[in-house]
Amino acid sequence: MNIERIKEELSKTYARIEQLQKRARDLEEQKKQAEDMEYLKIIRKHGISAEELQLMIDISNEEQKQILENREKEQTGNEENP
């Protein structure tokens, strides 16, 4: 293969890669939208209001903080008592 032919093939390959990357981005966006719709269906099915949803998120965040604090206390307690 001569250099010009290689350059041509390389150019085609890069163009195809670019098309595939764009397609992958589009599919990722479609996937995210479909997931969001599933979440909305669940929320609507159970009649959860925006306020209730925010409360669940806040409670979940608070529980996470408590779990982390408890783990930290356990770890420091274990370090003090070898």
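Shown above is the structure to which this text applies.
For every chain, the first residue of the written sequence is number 1, and numbering continues from 1 along that sequence. Owing to the predicted nature of the model, reporting of local features is limited to residues with pLDDT of at least 70; listing and counting of side-chain atom pairs is limited to 80 or more, with chain, interface and lining totals taken over all residues. Values shown for side chains rest on all heavy atoms present in the structure; no hydrogens or waters enter the calculation.

## Regarding the overall build of the protein chain
Comment: elements are numbered from the N terminus, with helices defined as DSSP H or I runs of at least four residues and strands as E runs of at least two. Counting its regular elements, the protein chain contains 2 helices and 0 strands. For the protein chain, the C-alpha radius of gyration of 26 Å lies well beyond 12 Å, the compact-globule estimate for 82 residues. Only protein chains enter the accessibility calculation, which uses a 1.4 Å probe. A residue is then buried if its area is under 20% of the maximum for its type, exposed if over 50%, and partly exposed in between. The 82 residues of the protein chain split such that 1% are buried. For the protein chain, the exposed surface amounts to about 8000 Å²; the carbon and sulfur share of it is 53%. The positive count covers Lys and Arg only, the negative count covers Asp and Glu only, and His and the chain ends enter neither. A charged residue contributes its charge at one atom only: NZ of Lys, CZ of Arg, CG of Asp or CD of Glu. Charge-centre separation for the protein chain: the mean point of 15 positive side chains lies 11 Å from the mean point of 20 negative side chains. For a compact globule the rule gives 2.2 Å times the number of residues to the power 0.38, and the radius of gyration it is set against comes from C-alpha atoms. Computed with the Shrake-Rupley method and a 1.4 Å probe, the accessible areas treat only the protein chains shown as cover for residues.

## Observations concerning helix α1 (residues 3-45)
Residue count minus one, scaled by 1.5 Å, sets the expected span of a helix. Between the first and last C-alpha of α1 there are 62 Å, a value that for 43 residues agrees with the 63 Å anticipated at 1.5 Å per step. Sitting at the amino-terminal end of α1 is N2, which places a side-chain oxygen 3.3 Å from the backbone nitrogen of E4. In protein, a polar contact requires one atom able to donate a hydrogen and another able to accept it; more generally it is a pair of N or O atoms within 3.5 Å, and residues adjacent in sequence count only if both atoms are side-chain atoms.

## Looking at the pattern of salt bridges
By definition here, a salt bridge exists when the distance from a side-chain nitrogen of Lys or Arg to a carboxyl oxygen of Asp or Glu is within 4 Å. Counted according to the given criterion, the structure contains 6 salt bridges. One salt bridge connects R5 with E8, and the closest N-O pair in it is separated by 3.6 Å. Residue R5 and its partner E8 are both found in helix α1; the two are separated by 3 residues, about one turn of the helix. Close ionic contact of D26 with K22 constitutes a salt bridge, the shortest N to O distance being 3.2 Å. With a gap of 4 residues between them, D26 and K22 both fall in helix α1, about one helical turn apart. Judged by its relative accessible area of 32%, D26 falls in the partly exposed class.

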